[in-house]
Amino acid sequence: MRGPDVSEQLYEYIVQVGTRENPVQRELRAETAKLPMGQMQIGPDQGALLQVLVRILRAKRCIEIGTFTGYSALTVALALPPNGKIICCDVSEEWTSIGRRYWKKARVDKKIDLRLGPALETLKGLKGSFDFAFIDADKPNYWAYYERCLKLLRKGGLIAVDNTLWGGSVINPEKQSESTVALRAFNEKVSRDKRVDIALVPIGDGLTLAVKK
């Protein structure tokens, strides 16, 4: 998904010169785009940013909440070292089965640990220190996901939270859907959270970055 003020032509230019998708990523993105809910997929520009962040962190242990068809998991896994691992939390066998095919095709399936079930239950069972977390799931639970991930993160670790601009609805008082209200509250809480350094980046539908102090 391109940003709200980026023309289609300019977005195509950004993807062309500012990303390095491999053939498997492009193939998965194309298949997902044909699905009725294909707009849920992150764009290649956002994927490229996640890869750069993961590499800067020298991340080895990652968490993803909300995997959908697996593009973001594939993207992160490609940036991880051979001994790296990303634990993916999702509830859909249907959507994630698409991702499994491409993970195997890209030969990163051994780096991806998919756990089907409520994410909060999966997170409760995790131990140890993580370097990076990506949250892109049901919006009403964002704060709960964030709190649990923050506890699991090492100092200097990063949480990336997707959809925090929500098509601009977060600043429109007439928009009062459950997801909009939840995202608005999440953004306000994160802005006051002294445990992290933050930046809200207007890429895709808004990406909040929070670095644990």
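These figures come from a predicted structure and were not determined experimentally.

Draft legend 1. Region of the structure containing the side chain of E64. One can find E64 in strand β1 (residues 61–65). We note that E64 is buried and unpaired, the nearest opposite charge coming from K139 at a distance of 12 Å. Within the local environment of E64, its side chain forms a polar contact with the backbone nitrogen of A73, the two atoms lying 3.3 Å apart. Contacts of E64, omitting those with residues within four sequence positions, involve S72, A73, I86, I87, C88, C89 and F134.

Draft legend 2. Inspection of the packing of aromatic side chains at higher detail. For the coordinates displayed, the defined rule picks out 5 aromatic pairs. When the centroid spacing of 5.7 Å and the interplanar angle of 75° are considered together, the rings of Y142 and F186 count as edge-to-face. Linking Y142 in helix α7 (residues 142–152) with F186 in helix α8 (residues 178–191), this pair joins segments that are 44 residues apart in sequence. Here Y142 falls in the buried class, since its relative accessible area comes to 0%. Owing to a relative accessible area of 2%, F186 belongs among the buried residues under this scheme. Put simply, the rings of Y142, W143, Y146 and F186 touch in pairs and so form one group of aromatic residues. It is R61 that lies over the ring of F130; its NZ or CZ is 4.0 Å from the centre.

Thresholds applied
Residues numbered from 1 in each chain as written. Predicted model: local features only at pLDDT ≥ 70, side-chain atom pairs only at ≥ 80, totals over all residues. Heavy atoms only, no water. Helix = DSSP H or I, 4+ residues; strand = E, 2+ residues; numbered from the N terminus. Buried < 20%, exposed > 50% of the residue type's maximum accessible area, 1.4 Å probe, protein only. Lys, Arg positive; Asp, Glu negative; His and termini not counted. Salt bridge = Lys/Arg side-chain N within 4 Å of Asp/Glu carboxyl O. Polar contact = N/O pair within 3.5 Å; in protein donor to acceptor, adjacent residues only side chain to side chain. Contact = heavy atoms within 4.5 Å. Phe/Tyr/Trp six-rings, centres within 6.5 Å; stacked < 30°, edge-to-face > 60°. Lys NZ or Arg CZ within 6 Å of the ring centre and 35° of its normal.

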